[in-house]
Amino acid sequence: MNDLRINEEAKTLLKSVIGGKLIKYRHDPFTITPSFTIQGEIFFEDKIIRVRSEETIADFFEAGEEEISALFIEKIAEEDAVSACIGVKQIDFPVGEKIKDVWVVDEAIQEFVGNKPGEIYDLTRGIIFILEDMQLGFEKDIWLSVEIYPRKGDDVLKDFQRLGTDLKGWPKGCMSKNKRAVYSLLNGHVISEEANESGEDPAAD
């Protein structure tokens, strides 16, 4: 089992901002896709939190050890709120709204080989700030990418990538069962759950 979900320290940090004000967020300019590379920052009244997608070594199904991107949440100093890319100036996006809750979007992918259950890959897909008049989310891209997609609107979860898109398909005789759960850090309640399956890729070996 590969557990690449955010840890308890990160969840405690996110929970600590509930009831406070989200001042602004900051990230690199968009280029090809509406996403930023590796890291962005969120500014609160008394702290700055970095949202980071970084490659980490994990035993990824039949591929063996692979560099897989995982989401990390950490408190940083203001002087560290800069781009991960040399020479890139980040852009500020004002918000100025009170935080009512923070949701965490976790997923689990379980491989099946010849109908027998195999490894489970757990990950945090994203976080969503529930504000007074809108939602602000940050979604990690597929497992080989360090891109993060900011999502803003009334229901940002509907803009997240479809469950199961980390893997476009499996080798012959394999498939996966995928689950997504969204839960509140305010009270621990489950906001929503969904499940689907990913089948074979005809082009795979």
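See the structure shown above.
Residues numbered from 1 in each chain as written. Predicted model: local features only at pLDDT ≥ 70, side-chain atom pairs only at ≥ 80, totals over all residues. Heavy atoms only, no water.

A.B. asks: Outline the packing of aromatic side chains, supporting the account with residue identities and numerical values.
C.D. replies: What the rule picks out here adds up to five aromatic pairs. Ring centres of Y25 and F138 lie 5.9 Å apart, and the angle between their planes is 85°; on these two criteria the pair is classed as edge-to-face. Here Y25 is found in strand 2 (residues 21–27), whereas its partner F138 is found in strand 9 (residues 135–140), with 113 residues between them in sequence. Grouping residues by exposure puts Y25 and F138 together as buried. Summarising the aromatic geometry, the rings of F36 and F138 are spaced 6.5 Å apart at their centres and angled 70° between planes, so their arrangement reads as edge-to-face. Of the two residues, F36 is situated in strand 3 (residues 36–37) and F138 in strand 9; the sequence distance between them amounts to 102 residues. In textbook terms, an aromatic cluster arises when at least three aromatic residues are bridged by ring pairs, as seen for Y25, F36, F44, F93, F129 and F138. The ring of F112 has K177 sitting right over it, with the charged end atom 4.9 Å from the ring centre. (Phe/Tyr/Trp six-rings, centres within 6.5 Å; stacked < 30°, edge-to-face > 60°. Helix = DSSP H or I, 4+ residues; strand = E, 2+ residues; numbered from the N terminus. Buried < 20%, exposed > 50% of the residue type's maximum accessible area, 1.4 Å probe, protein only. Lys NZ or Arg CZ within 6 Å of the ring centre and 35° of its normal.)

A.B. asks: Account for the layout of surface pockets, naming residues and giving values.
C.D. replies: If a probe the size of a water molecule is rolled over the atoms, the empty space left behind becomes visible. Considered as a void within the structure, the second largest pocket measures approximately 200 Å³ in volume. Forming the boundary of the second largest pocket are 15 residues, of which I6, N7, A10, F72 and I73 lie nearest the centre. Of the residues forming the lining of the second largest pocket, the biggest block, six residues, is contributed by strand 6 (residues 65–76). In terms of residue class, the lining of the second largest pocket is made up of eight nonpolar, one polar and six charged. (1 Å grid on protein atoms, 1.4 Å probe; cavity = no way out; pocket = protein on both sides within 12 Å on 5 of 7 lines; lining within 4 Å. Points joined across faces, edges and corners; volume = space filled by probe spheres on them. Nonpolar A, V, L, I, M, F, W, Y, C, P; charged D, E, K, R; others polar.)

A.B. asks: Give a description of unusual backbone geometry that names residues and reports values.
C.D. replies: The phi angle of most residues is negative, glycine excepted, and most peptide bonds adopt the trans form. Despite not being glycine, I38 shows a phi value in the positive range, around 70°. Residue I38 is classed as partly exposed on the basis of its relative accessible area, which comes to 25%. Unusually for a residue other than glycine, N115 sits at a positive phi of about 70°. Relative to the assigned elements, N115 resides in the loop between strand 7 (91–113) and strand 8 (116–131).

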